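# Examination of the molecular architecture
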Amino acid sequence: MSGNGSVPDDRRQRGLARMGEVYGMEFTDGPGDHFAVTADHLFADIWSRPGLSLRDRRLLLLGALSAQGLFDVAEIQIGAALHNEELTAEQLHEIALFLSHYVGWPAGTKLDHIAGKVAAQRKKRESARESK
């Protein structure tokens, strides 16, 4: 059993593995019920269902986050999409332009700005690594 005593370890491990795949980093078990539901249900069950790719799910999530004005979370998703090579900077700008017509121009503009900022930060980090 996992740390919360009610979920089999294999489900928790599947959830942690999917979290790592989605965000491009390694996750270890965390404390509390909120983390347990996130790992065991959201990632082991929902993000792992057949029928949609991780990229498909990411696109849907970016639209939902933009519609709700949750740009801090969208920034995390944009970084992960770039890291995992699911989306390019150009595609992210196109997504922002498209969404502007459905979530409002200010929200789409904010998403476009975040996409540009995250892509530039990533490019700067990659250039710094290459110059070493």
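Everything below is about the structure printed above this text.
Our subject in this report is the structure included herewith. What you are looking at is a predicted structure, and each value in this text was computed from that prediction instead of being measured.

## Topic: the overall build of the chain
From N to C terminus, the chain includes six helices and zero strands. Reading the chain from its N terminus to its C terminus gives the helix and strand order α-α-α-α-α-α. Here the C-alpha coordinates of the chain stretch approximately 45 × 45 × 25 Å along the principal axes. In the chain, buried positions account for 35% of the 132 residues. Considering only contacts in the chain between residues 6 or more positions apart, those separated by 24 or more positions represent 54%. Split by element, the accessible area of the chain, about 8,000 Å² in all, is 57% carbon and sulfur.

## Looking at the environment of Arg 57
Looking at the element boundaries, Arg 57 is found in helix H3 (residues 54-68). Arg 57 gets classed as buried once you look at its relative accessible area, which sits at 12%. Once the C-alpha coordinates of Arg 57 and Trp 47 are considered, the two residues, 10 residues apart in sequence, prove to be 7.6 Å apart. Beyond its immediate stretch of four places on either side in the chain, Arg 57 contacts Ile 46, Trp 47, Arg 49, Pro 50 and Leu 52. A polar side-chain atom of Arg 57 sits 3.2 Å from the main-chain carbonyl oxygen of Ile 46.

## Here's the deal with the pattern of salt bridges
Tallied over the full model, the rule gives seven salt bridges. A salt bridge links Arg 18 to Glu 21, with the nearest nitrogen and oxygen atoms 3.4 Å apart. Of this pair, Arg 18 and Glu 21 both sit in helix H1 (residues 9-23), three residues apart, which is roughly one turn of that helix. For the salt bridge of Glu 75 with Lys 117, the shortest nitrogen-to-oxygen distance reads 3.2 Å.

## A look at H3
In a regular helix each residue adds 1.5 Å, so 15 residues correspond to 21 Å; H3 covers 21 Å between its end C-alpha atoms and thus fits that length. Packing partners of the buried residues in H3 comprise H1, helix H2 (32-46), helix H4 (71-83), helix H5 (89-103) and helix H6 (105-130). Where H3 ends, the next residue or the one after it, Gly 69, has phi of about 75°, a positive value.

The rules behind the values
- Residues numbered from 1 in each chain as written.
- Predicted model: local features only at pLDDT ≥ 70, side-chain atom pairs only at ≥ 80, totals over all residues.
- Heavy atoms only, no water.
- Helix = DSSP H or I, 4+ residues; strand = E, 2+ residues; numbered from the N terminus.
- Buried < 20%, exposed > 50% of the residue type's maximum accessible area, 1.4 Å probe, protein only.
- Contact = heavy atoms within 4.5 Å.
- Areas by Shrake-Rupley, 256 points an atom, 1.4 Å probe, with all protein chains shown as cover.
- Polar contact = N/O pair within 3.5 Å; in protein donor to acceptor, adjacent residues only side chain to side chain.
- Salt bridge = Lys/Arg side-chain N within 4 Å of Asp/Glu carboxyl O.
- Expected span 1.5 Å × (residues − 1).

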